[in-house]
Amino acid sequence: MKTIIKNIKEIIGVSLNEKNELKKGKKLNETSIIQNGWITIEDGLIVDFGTMHDWPGLDNWNTTTIIDADNGYVLPSWCDSHTHLVFSGSRENEFVDRINGLSYEEIAHNGGGILNSAQLLSQTSEDDLYNQSKVRVEEVIRMGTGALEIKSGYGLNINDEIKMLHVIQKIKNNYPIEIKSTFLGAHAVPKQISKSKYISIIINEMIPEIAKQKIADYIDVFCDTGFFTPKETEKILEAGLKYNLKPKIHANELDFSGGIEVGVKMNAVSVDHLECTSEKQIDLLKNSNTIPTLLPGTAFFLGLEYPPAKKMIQSNLPIALASDYNPGSCPSGNMAFMISLACIKMKMNPIEAINAATINGAHAMELENQLGSIKRGKKANLIITKNIPSINFIPYCIGRNIVNKVIINGKVYYDSETNY
Ligand code: NIG
Ligand code: FE
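A quick note: this is a predicted structure, and the numbers were derived from the prediction, not measured.

Now for the packing of aromatic side chains. All told, the structure shown has five aromatic pairs when counted by the stated rule. Judged by centre distance (5.5 Å) and plane angle (80°), the rings of Phe-300 and Phe-337 are edge-to-face. Here Phe-337 lies in helix 12 (residues 335-346) and Phe-300 lies in helix 10 (residues 296-302), a separation of 37 residues in the sequence. On the basis of relative accessible area, Phe-300 is assigned to the partly exposed category, the value being 44%. The partly exposed category is assigned to Phe-337, whose relative accessible area is 22%. With a centroid separation of 5.4 Å and 50° between ring planes, the pair formed by Phe-393 and Tyr-396 is classed as tilted. Within this pair, Phe-393 and its partner Tyr-396 are both found in helix 15 (residues 393-396), separated by three residues, close to a single helical turn. Its relative accessible area of 61% is what places Tyr-396 among the exposed residues.

Moving on to the packing of helix 6 (residues 195-213) against helix 7 (residues 230-241). Helix 7 packs onto helix 6 with a crossing angle of 10° between their chain directions and a minimal axis gap of 9 Å. Here helix 6 is positioned roughly parallel relative to helix 7, judged by the angle of their axes. Crossing geometry of helix 6 relative to helix 7 is assigned as right-handed. Here Lys-195, Ile-199, Ile-202, Ile-203 and Ile-207 of helix 6 come into contact with helix 7, specifically with Glu-232, Lys-235, Ile-236, Ala-239 and Gly-240. Here the residues of the contact of helix 6 with helix 7 sort into six nonpolar, one polar and three charged.

Here we take up the environment of Leu-148. Within the element layout of this structure, Leu-148 appears in strand 7 (residues 145-151). In this structure Leu-148 comes out as buried when scored by relative accessible area, which is 0%. Considered as a pair, Leu-148 and Lys-286 are 138 residues apart in the sequence and their alpha carbons are 26 Å apart. Residue contacts for Leu-148: discarding those within four places in its chain leaves Asp-80, Thr-83, Leu-85, Val-140, Ile-177, Glu-178, Ile-179, Lys-180 and Met-365.

So, on to the coordination of the iron ion (ligand 2). Protein coordination at the iron ion (ligand 2): the donors are His-82 (NE2), His-84 (NE2), His-250 (NE2) and Asp-324 (OD), at 2.1 to 2.2 Å from the metal. Summarised as a motif, the one-chain spacing of the donors to the iron ion (ligand 2) is H-x1-H-x165-H-x73-D. Taken together, the residues span a long stretch of sequence, with His-82 in the loop between strand 6 (78-80) and helix 1 (92-99) and Asp-324 in the loop between strand 13 (320-321) and helix 12 at a distance of 242 residues. The exposure class of His-82 is buried, given its relative accessible area of 0%.

Right, let's get into the domain arrangement of the protein. Along its sequence, the protein is carved into domain 1 (2-76 + 372-415) and domain 2 (78-363). A separation of 29 Å is found between the C-alpha centroids of domain 1 and domain 2. The interface is formed by 32 residues belonging to domain 1 together with 37 residues belonging to domain 2. Carbon and sulfur atoms make up 69% of the surface buried where domain 1 meets domain 2, a total of about 2,800 Å² over both sides. It is Leu-22, Leu-28 and Tyr-413 that lose the most area in domain 1 upon contact with domain 2, and together they represent 22% of the buried surface on that side. Summed over the shared surface of domain 1 and domain 2, the result is one salt bridge. With its nearest N and O atoms 3.4 Å apart, the salt bridge here joins Glu-178 to Lys-379. Our count for the domain 1 to domain 2 interface comes out at eleven residue pairs in polar contact (both at pLDDT 80 or more). In terms of residue class, the side of domain 1 that touches domain 2 is made up of 14 nonpolar, ten polar and eight charged.

Reading the values: rules and limits
- The residue count restarts for each chain, going from 1 along the sequence in the order it is written.
- Each chain gets a letter, beginning with A, and each ligand a number, beginning with 1, in the order they are written.
- Only residues with pLDDT of at least 70 get local features here, since the model is predicted, and only at 80 or more are side-chain atom pairs given and counted; chain-wide, interface and lining totals rely on the full set of residues.
- Hydrogens are left out, water is left out, and the side-chain values use all remaining heavy atoms of the structure.
- Two rings from Phe, Tyr or Trp (for Trp, the six-membered ring) form a pair when their centres are within 6.5 Å of each other. A pair whose planes differ by under 30 degrees is stacked, one over 60 is edge-to-face, and the rest are tilted.
- Going along the chain from the N terminus, every DSSP run of H or I of four or more residues is numbered as a helix, and every run of E of two or more is numbered as a strand.
- Buried, partly exposed and exposed residues are distinguished by accessible area as a fraction of the type maximum, computed with a 1.4 Å probe on protein chains only: under 20%, between the cut-offs, and over 50%, respectively.
- Here an axis means a line fitted to C-alpha atoms, over the contact stretch when the element is a helix, while the angle between two N-to-C directions is reported on a 0 to 180 degree scale.
- Throughout this description, any angle smaller than 35 degrees is read as roughly parallel, any larger than 145 degrees as roughly antiparallel, any in the 65 to 115 degree range as roughly perpendicular, and the remainder as oblique.
- Each crossing is labelled by how the near helix is turned from the far one, with a counterclockwise turn of less than a right angle marking it left-handed and a clockwise turn marking it right-handed.
- Should any heavy atoms of two residues lie within 4.5 Å, those residues are considered in contact.
- Residue polarity follows a fixed list, in which Ala, Val, Leu, Ile, Met, Phe, Trp, Tyr, Cys and Pro are nonpolar, Asp, Glu, Lys and Arg are charged, and the others, Gly among them, are polar.
- As a rule, N, O and S atoms within 2.8 Å of a metal are its donors, except that Na, K and Ca use 3.2 Å; water is not among the atoms, so sites may look incomplete.
- Segmentation of the chain into domains, including their bounds, is taken from an automatic or database domain assignment.
- Put simply, buried area is how much 1.4 Å-probe accessible surface two parts lose in total, over both of them, once they are put together.
- Salt bridges, as used here, are contacts in which a Lys or Arg side-chain nitrogen is within 4 Å of a carboxyl oxygen on Asp or Glu.
- Contacts described as polar in this section are N or O atom pairs within 3.5 Å, which, within protein, must combine one atom able to donate a hydrogen with one able to accept it, while residues neighboring in sequence count only if both atoms come from side chains.

Laid out in structure tokens, this is it:
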């Protein structure tokens with residue numbers, strides 16, 4: 001079955017024959033655009049595109065589905081490479097505690113934070129956890145996300161970590177977007193157990209079982225003050241690597257934690273957060289394949305300093321942007337809002353932010369050959385915008401919904417006119 005999207009004002013994020021390169025430095029602000037365009041799709045893949053001016057027409061109108069973009073823009077769907085979207089309940093009481101003066105670390109220290117979510121999750125059945133999480137998955141797809149990484153890390157014991165990873169697998173089986181799964185057992189130390197004992201459980205029990213069940217693609221550690229040290233992080237990541245779980249790290253969110261250094265040393269796919277990053281760490285990242293992934297929603301929600309995105313770009317680094325969707329530090333998976341924050345708070349240009357949230361996000365999930373740009377042979381996971389005046393309008397119109405239709409594998413998944 002063939003599908004054609006016609007009457008596209010501009011196709012953004014086109015790649016022609018070039019490799020699916022990670023966009024770095026000045027190139028982060030470059031994108032290929034086709035004006036007044038069309039795209040044809042077959043079996044869920046992009047097969048061709050061009051301008052309406054030289055549109056070859058249709059051989060058979062009866063076997064072709066026509067999607068009218070109504071003069072909207074078409075972009076590759078968002079590739080959100082860092083979320084904790086499988087969780088139970090919510091933590092708005094801590095949000096109020098922070099308004100009244102407590103810090104994120106103080107709340108965590110008093111047994112709130114991640115431990116609070118872990119307790120709730122332990123009392124939640126796998127079915128209930130799935131039902132709560134699927135609402136969030138559908139919500140983010142409707143906002144334009146077409147590829148998603150989801151972490152465990154609210155289990156903190158083998159049964160509950162595996163429960164979370166099973167829920168992620170179920171999401172993967174039941175939804176048409178791409179899902180990557182990350183084991184984050186080292187998210188916090190559970191109550192009533194020493195840190196060294198918990199690390200040995202992670203290494204000797206959790207990792208081998210998770211690898212046996214093949215329910216994770218990556219391994220992550222929260223390397224920060226009050227959580228796991230660089231040494232502990234290295235030990236855990238090494239154990240994961242033995243089972244082919246590639247590292248990703250929560251690094252330098254609360255302090256200069258040494259997380260970037262371990263990430264580079266271990267050749268991590270990405271180091272994420274980086275609110276506390278100096279020239280020294282930027283230099284280290286320059287000589288690595290590790291992708292700095294920025295999560296401006298967290299800095300916004302917790303009132304932290306933002307990562308030095310501009311400096312990173314001037315130093316010819318790539319940047320990926322992700323949401324960090326989680327109940328404690330960013331209860332939103334709205335990638336268009338993350339793009340707004342990147343522009344407003346980190347002074348990224350709209351095209352830089354869009355590239356960071358699409359092709360570079362795809363790289364941070366090793367999906368760059370399938371997603372992240374509009375290219376022949378790639379999956380047709382696309383956003384069709386409303387009739388907006390320019391592409392800069394996307395970050396400009398903070399908090400408003402610019403999505404008209406979401407196309408996943410070439411099919412309309414969401415249409416704002418019929419089901420919003
Ligand atoms: O990425 N930093 C660690 N983990 C999450 C927050 C988890 C939570 O507070 O529930 C994050 O910010
Ligand atoms: Fe996170």
